[in-house]
Amino acid sequence: MEIIWYLDRGAALVAYPALYLAVLTGILYTARSFGPLYRLSRRIHIEVSVFAMLMTLLHGVLGVLDTWFIVSGSAPQPAYSTTYLLAGVVVGVGALQVLVVAVLGFLDAQRFDRPWGPRVVHAFAYGGFAFATIHAVAIGTDVAGLIRPVFAPAIAFLGYVLLLRLLVASGQLSTPATAKQ
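This is a predicted model, so every value here is computed, not measured.

Asker: Lay out the overall build of the chain with the relevant residues and their values.
Answerer: Along its length, the chain carries six helices and zero strands. Along the chain, helices and strands appear, N-terminal first, in the series α-α-α-α-α-α. The dimensions of the chain, computed from C-alpha atoms along their principal axes, are 65 × 40 × 25 Å. A burial count over the chain gives 37% of its 181 residues as buried. Looking at the chain alone, contacts between residues at least 24 apart form 69% of all its contacts between residues at least 6 apart. Within the chain, the 7 negative side-chain charges are centred at a point lying 20 Å from the centre of the 11 positive side-chain charges.

Structure follows, in structure tokens:
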């Protein structure tokens, strides 16, 4: 049963950075003002997003299996309470559901003709990422030492890039590329 835990943690430690990159490249995907980062994002966003979703799905399946082993008594109880474990699982399942809805919306061939166009799909993806962040911070006990030095600045950077993109898109901020026009 220990192998399931290691596989689950490994999948999580790959899935979260992949989700982060999917969100970052998604923010930059339509932001021409970011120059080379815009072009790079156009080349890799979909592939990174698919990889992130597959790793998240793998982590979800392994996480449910690992939780089942713990609750059934087949695996040892973690260092924290079962209530805390189950709360983390609920948040994780919420993240997975929101991300799956986003992916299913993206895969719909007629998505542009339906109410769940790209904005709705990406809103679900952002929601799933927010849930995944809460889940990672709450349950990621083996990475607790990285929360302040890594998670907080990384999330702040993502917020900064999103805010910068929104300000440029709204015309409230000009970039060298838009100032020349």
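Asker: Explain the packing of helix α2 (residues 36–72) against helix α3 (residues 82–107) to me, using residue names and the numbers behind them.
Answerer: The interhelical angle for the contact between α2 and α3, taken along N-to-C directions, is 150°, at an axis separation of 10 Å. One way to sum up the angle between α2 and α3 is to call them roughly antiparallel. As α2 packs across α3, the resulting crossing turns out to be left-handed. Mapping the contact onto sequence places I46, M53, T56, L57, G60, T67, I70 and V71 in α2 and L85, L86, V89, L96, L99, V100, V103 and F106 in α3.

Asker: How would you sum up the packing of aromatic side chains? Please name residues and give values.
Answerer: Two aromatic rings, taken as a pair, are described by how far apart their centres are and by the angle between their planes. All told, the structure shown has four aromatic pairs when counted by the stated rule. Look at Y16 and F129: their rings are 5.4 Å apart centre to centre, the planes differ by 20°, and that puts the pair in the stacked class. Remark: F129 occurs in helix α4 (residues 118–139) and Y16 occurs in helix α1 (residues 2–28); sequence separation between them is 113 residues. By relative accessible area, which is 13% here, Y16 ends up buried.

Asker: Could you give me a rundown of the packing of α1 against α2, with the residues and numbers involved?
Answerer: At a minimum axis distance of 6 Å, the contact between α1 and α2 shows a crossing angle of 150°. In terms of their interaxial angle, α1 and α2 are classed as roughly antiparallel. Classified by chirality, the crossing of α2 by α1 is left-handed. Here the contact of α1 with α2 is built from residues that sort into 23 nonpolar, eight polar and two charged.

Asker: Describe the side chain of H45, naming the residues involved and giving the relevant values.
Answerer: Looking at the secondary structure, you find H45 in helix α2. With residues near it in sequence (within four places) discarded, H45 still touches A22, T25, G26, Y29 and H122.

About the thresholds
Residues numbered from 1 in each chain as written. Predicted model: local features only at pLDDT ≥ 70, side-chain atom pairs only at ≥ 80, totals over all residues. Heavy atoms only, no water. Helix = DSSP H or I, 4+ residues; strand = E, 2+ residues; numbered from the N terminus. Buried < 20%, exposed > 50% of the residue type's maximum accessible area, 1.4 Å probe, protein only. Contact = heavy atoms within 4.5 Å. Lys, Arg positive; Asp, Glu negative; His and termini not counted. Charge placed at Lys NZ, Arg CZ, Asp CG, Glu CD. Axes fitted to C-alpha atoms, helices over the stretch in contact; angles between N-to-C directions. Parallel < 35°, antiparallel > 145°, perpendicular 65-115°, else oblique. Left-handed = near helix turned anticlockwise from the far one by under 90°. Phe/Tyr/Trp six-rings, centres within 6.5 Å; stacked < 30°, edge-to-face > 60°. Nonpolar A, V, L, I, M, F, W, Y, C, P; charged D, E, K, R; others polar.

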